[in-house]
Amino acid sequence: MDRTDRDHDASGQIVARERPELLMVCGCVGLIGSILPLFTIVWADIAAGDHDFIADSISDLARGPDRFIMDFGFYAAAAGLMALAIGAAHAHLGRTGWSLGILALSLAALVVVMLGLWDAFGRTAEGDGMAVHTQLSFILAPLFLVGPLFMATAIGEQHRSLRWSFVAAGLVWFVFAAAFKLTPDSIDGIFEKIAFAGTYLWTLPLATVLFRRGYDRSHRLAET
């Protein structure tokens with residue numbers, strides 16, 4: 001097999017320049033970063049004692065003496081999003097839409113870090129009285145909507161069933177994040193949690209695709 005054959009897979013895409021170990025690490029970190037916040041939510045809920053799962057938001061768990069628990073969850077989620085962005089950029093599977101999805105992942109990681117920081121310091125915005133944490137959540141909302149939608153076509157070309165998973169992630173996030181903002185405080189917490197769960201239809205499959213791509217490439221390169 002000559003160099004040209006080794007550098008291309010059956011679809012004509014260059015694979016030898018992709019670093020399998022980077023893709024696998026990004027996939028693992030993306031997976032862990034997606035799952036860890038679930039454990040911190042449960043941990044913080046137990047520590048808080050009086051948290052109302054239906055009425056209170058996730059951010060409510062990030063206040064008080066045990067706020068470090070959810071802060072850790074925020075930072076883990078941000079690390080996972082950034083790892084997914086790096087992996088998706090390294091194994092660029094699409095065109096403009098994929099690039100925009102990478103940008104959405106990167107910006108979402110930045111905003112999630114800032115959400116943790118602003119809750120930790122308890123600061124509020126000047127002028128209109130709206131908390132900075134609330135303002136940041138408005139920035140995060142469109143990123144979790146357009147990110148999976150931008151990437152849906154390209155991921156569907158690789159794995160047909162995942163196209164609809166990515167589309168569903170954007171739609172579930174949009175519907176329930178909007179419901180969270182519009183419903184009474186007595187029930188809005190459950191809508192936020194469902195919106196958060198909807199992001200798993202995007203992040204978990206992407207992490208799996210990156211890891212499996214790296215794993216397959218590592219074995220292919222070893223064989224050649």
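Residues numbered from 1 in each chain as written. Predicted model: local features only at pLDDT ≥ 70, side-chain atom pairs only at ≥ 80, totals over all residues. Heavy atoms only, no water.

(A) Broad picture of the overall build of the protein. Looking only at helices and strands, the protein features eight helices and zero strands. Starting at the N terminus, the α and β elements of the protein follow one another as α-α-α-α-α-α-α-α. Taken across its 224 residues, the protein has 42% of its residues classed as buried. Of the contacts made within the protein by residues no fewer than 6 positions apart, 71% connect residues no fewer than 24 positions apart. Summing over all exposed atoms, the protein offers an accessible surface of approximately 11,600 Å²; the carbon and sulfur share of this is 66%. (Helix = DSSP H or I, 4+ residues; strand = E, 2+ residues; numbered from the N terminus. Buried < 20%, exposed > 50% of the residue type's maximum accessible area, 1.4 Å probe, protein only. Contact = heavy atoms within 4.5 Å. Areas by Shrake-Rupley, 256 points an atom, 1.4 Å probe, with all protein chains shown as cover.)

(B) Expanded view of the nonpolar core. Ranked by size, the top nonpolar core spans 46 residues in total, and within it Trp98, Leu105, Met151, Trp202 and Leu206 carry the most contacts. Sorting the residues of this core by element identifies helix 2 (20–48), helix 3 (67–90), helix 4 (96–121), helix 5 (132–158), helix 6 (160–182) and helix 8 (200–223) as the ones contributing at least two each. In contact with Leu206, not counting residues within four places along its chain, are Leu84, Trp98, Leu105, Met151 and Phe166. (Core = buried A, V, L, I, M, F, W, Y, C linked by side-chain atoms within 4.5 Å.)

(C) Representation of the pattern of salt bridges. All chains considered together, the criterion is met by three salt bridges. Residues Arg213 and Glu18 are paired through a salt bridge, measuring 3.0 Å at the closest nitrogen-oxygen approach. Within this pair, whereas Arg213 is found in helix 8, its partner Glu18 is found in the loop between helix 1 (3–6) and helix 2, the two being separated by 195 residues in sequence. When the shortest N-O distance is used, the salt bridge between Glu21 and Arg19 registers 3.1 Å. Given the relative accessible area of 41%, Glu21 is considered partly exposed. The structure contains a network of salt bridges with shared partners spanning Glu18, Arg213 and Arg217. (Salt bridge = Lys/Arg side-chain N within 4 Å of Asp/Glu carboxyl O.)

(D) Geometry of the side chain of Thr40. One can find Thr40 in helix 2. Judged by its relative accessible area of 2%, Thr40 falls in the buried class. Setting aside residues up to four positions removed in sequence, Thr40 forms contacts with Ile69, Met70, Phe72 and Gly73.

(E) Representation of the confidence of the model for the protein in the model. Looking at the protein, pLDDT values average 84 and 85% of them are 70 or higher. Mean pLDDT across the elements of the protein ranges from a minimum in helix 1, with 42, to a maximum in helix 6, with 94. Confidence drops under a pLDDT of 50 for residues 1–10, and excluding neighbours within four residues, the segment shows 15 contacts in the predicted structure. (pLDDT = per-residue confidence, 0-100.)

(F) Inspection of the packing of helix 5 against helix 6 at higher detail. The geometry of helix 5 relative to helix 6 is characterised by a closest axis approach of 6 Å and an angle of 165° between their N-to-C directions. Classified by the interaxial angle, the pair formed by helix 5 and helix 6 is roughly antiparallel. When the axes of helix 5 and helix 6 are compared, the crossing they make is left-handed. Residue composition of the contact of helix 5 with helix 6, by class: 16 nonpolar, six polar and four charged. (Axes fitted to C-alpha atoms, helices over the stretch in contact; angles between N-to-C directions. Parallel < 35°, antiparallel > 145°, perpendicular 65-115°, else oblique. Left-handed = near helix turned anticlockwise from the far one by under 90°. Nonpolar A, V, L, I, M, F, W, Y, C, P; charged D, E, K, R; others polar.)

(G) Examining the packing of aromatic side chains more closely. Scanning the entire structure with this criterion turns up six aromatic pairs. On the numbers, 6.2 Å between centres and 25° between planes, the contact of Phe176 with Phe191 is stacked. Placement of Phe176 in helix 6 and of Phe191 in helix 7 (residues 188–198) is noted, with a sequence separation of 15 residues between them. When its relative accessible area of 24% is taken as the criterion, Phe176 is described as partly exposed. The class of Phe191 is partly exposed, set by a relative accessible area of 21%. (Phe/Tyr/Trp six-rings, centres within 6.5 Å; stacked < 30°, edge-to-face > 60°.)

(H) Geometry of the environment of Gln158. Relative to the elements of secondary structure, Gln158 occurs in helix 5. By relative accessible area, which is 32% here, Gln158 ends up partly exposed. Residues Gln158 and Gly94, 64 residues apart in the sequence, show an inter-C-alpha distance of 9.7 Å.

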